[in-house]
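Residue-level structure breakdown
If you want the building blocks of each chain, they are given just below.
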Amino acid sequence: MESLSKREAFFKNEPPTAKFDPTTRDKLDHKMDKEKENGHPETSGKAPKELDGYVGFANLPNQVYRKSVKRGFEFTLMVVGQSGLGKSTLINTLFLTDLYSADYPGPSYRIKKTVQVETTQVLLKEGGVQLRLTVVDTPGFGDAVDNSNCWQPVTDYIDSKYEEYLNAESRVNRKTMPDNRVHCCLYFITPSGHGLKPLDVEFMKRLHDKVNIIPMIAKADTMTPDECREFKKTILNEIAQHKIKIYEFPECDDEEENKLQKKLKDRVPFAVVGSNTLVSVGGKTVRARQYPWGIVEVENLEHNDFLALRNMLVRTHLHDLKDVTNNVHYENYRYNKLASVATKGKEKAVGSKELNLETAEDEDSGEKYYSVFFSLHKYGI
């Protein structure tokens, strides 16, 4: 009887709902940590035994480190905002390199009449560690008179990358699985001082279940410190009012890490300034913007939040952004996709008394979602 109720709940005509929620991420991590501490059932509750000598498994972290460095890392960063907010400049400042060349100029220098999604890939190397960075830009976003559905190309792109990864997972040979999923979306907010625009609210509501959104106030040097603080409060209140889920920092057991994360949380949304210009300040060359009244240093936390953004995005939370993408957003997509395929298979099975394997085949790639049969088995079919 219980199996029947599960089956009915799974195959009812309503669209399947995601069973993974970002708010439960910390609980799941805590549960997994407890399970690791307890170990296997036969060893749970027992104190670890001290060894008489050196065995060598304490070297395992070094093995993982060497393998990771040899393989390299992948990260996909999406930047979204209206033209003229300094998106390309900020990306160049973040990674201290010019991602765009004369042959491939920045999106602001290309004439686009519609919203398009364009990618730029670059291989970065720092201290022997390689990072394959993919920057996804959206020239033309919010620039039209009628911006209805201007977020559709962005959502289609994110879903297409999830689809590619799901197809790669479903193949018999899974040796090559490049991770091109979007791990983070930097959303640039115009420094108007009057809160979010309807387009900002609608875009973030459309994408907050698909990608990690980090809101940012662009060109923060156009506002006074008091105006910036009030603008941040207004944005956070509107985000809470519209129930928009932005990226949440994970809970930490370490007190020092919690203090560090609190400092980062207090700066959200990040009010940033970017610059490709090097200026000499006190005998030191820094990236800055020079005005008649003074100089705004990019990497000075007293002037803007750029340094906090880079620390969070690259130095402290890059791996967590990838984990949330894989364990929450991608799992939501995968669950909904396989559940819909299973629903179609069930409907066809009811009519023909047998489950046609073709219902589990993806028309675009020709690959079969073998995982769907495990889902059918799970629900007692």
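Everything in this summary refers to the structure shown in the same document. Just so we're clear, the structure is a prediction, and the values are computed from it rather than from any experiment. Residue numbers restart at each chain and count upward from 1, following the sequence in its written direction. Reporting in this predicted model follows two pLDDT cut-offs: at least 70 for local features of residues, and 80 or more for side-chain atom pairs to be given and counted; totals over whole chains, interfaces and linings ignore these cut-offs and use all residues. Just so you know, side-chain values use all the structure's heavy atoms and leave hydrogens and water out.

The three strands lie next to each other as β7-β8-β9, forming an open sheet whose pairing is antiparallel. A strand with exactly one partner marks an edge of an open sheet, and here the two such strands are β7 (278-281) and β9 (294-297). The average angle at which neighbouring strand axes cross in this sheet is 65 degrees, direction not considered. What makes two strands pair is DSSP finding at least two bridges between them. The numbering of helices and of strands both runs from the N terminus, where a helix is a DSSP run of H or I of at least 4 residues and a strand a run of E of at least 2. Pairing of strand β8 (residues 284-291) with β9, which is carried by four bridges, proceeds in the antiparallel orientation. Considered in β9, the bridge of Y291 is made with G294. Every axis in this analysis is a line fitted to C-alpha atoms, fitted for helices over the stretch in contact. Angles between the N-to-C directions lie between 0 and 180 degrees.

Take the environment of D156 next. Relative to the helices and strands, D156 is located in helix α5 (residues 152-170). Along the sequence, D156 and V117 sit 39 residues apart, while their C-alpha atoms lie 9.6 Å from each other.

As paired elements, β7 and β8 share four bridges and run antiparallel to each other. Looking across to β8, one finds that L278 is bridged to R287. The antiparallel hairpin formed by β7 and β8 contains two residues in its connecting segment, where G282 sits at a positive phi of about 60 degrees.

To continue, consider the packing of helix α4 (residues 87-95) against helix α9 (residues 306-316). Their axes nearest at 10 Å, the elements α4 and α9 cross at an angle of 70 degrees. On the basis of the axis angle, α4 is roughly perpendicular to α9. By crossing handedness, the relation of α4 to α9 is classed as right-handed. Touching L90, T93, L94 and F95 of α4 are F306, L309, R310, L313 and V314, all from α9. Polarity classes work like this: nonpolar for Ala, Val, Leu, Ile, Met, Phe, Trp, Tyr, Cys and Pro, charged for Asp, Glu, Lys and Arg, and polar for all others, with Gly in that last group. The class makeup of the residues in the contact of α4 with α9 is seven nonpolar, one polar and one charged. For classification purposes, angles smaller than 35 degrees are called roughly parallel, those larger than 145 roughly antiparallel, those between 65 and 115 roughly perpendicular, and all remaining angles oblique. Left-handed describes a crossing whose near helix is turned anticlockwise from the far helix by less than a right angle; the clockwise case is right-handed. Here a residue-residue contact requires only that any non-hydrogen atoms of the pair lie within 4.5 Å.

Right, let's get into the packing of α5 against helix α6 (residues 198-207). Direction vectors running N to C along α5 and α6 enclose 20 degrees, while the axes themselves pass 10 Å from each other. As judged from the angle between their axes, α5 and α6 are roughly parallel. The element α5 and its partner α6 pack so that their crossing is right-handed. Residue-level inspection shows V154, T155 and I158 of α5 in contact with α6, the latter providing F203, R206 and L207. When the residues that make up the contact of α5 with α6 are grouped by side-chain class, the tally is four nonpolar, one polar and one charged.

Turning our attention to the pattern of salt bridges. Here, a salt bridge means any Lys or Arg side-chain nitrogen found within 4 Å of an Asp or Glu carboxyl oxygen. Applying the stated rule across the entire model yields 15 salt bridges. Between D221 and R289 there is a salt bridge, with its nearest N and O atoms 3.6 Å apart. With D221 in the loop between β5 (213-217) and α7 (225-241) and R289 in strand β8, this pair connects stretches of sequence that are 68 residues apart. The buried category is assigned to D221, whose relative accessible area is 18%. Working definition: with a 1.4 Å probe on protein chains only, accessible area under 20% of the residue-type maximum means buried, over 50% means exposed, and in between means partly exposed. The partly exposed category is assigned to R289, whose relative accessible area is 34%. A salt bridge links D305 to K232, with the nearest nitrogen and oxygen atoms 2.5 Å apart. With a gap of 73 residues between them, D305 in the loop between β9 and α9 and K232 in helix α7 connect regions that are remote in the sequence. The same class applies to D305 and to K232, which are both buried. Among the charged side chains, a salt-bridge network with shared partners connects K232, R267 and D305.

Within the secondary structure, T155 sits in helix α5. Excluding residues that lie within four positions of it along the chain, T155 makes contacts with R206, L207 and K210.

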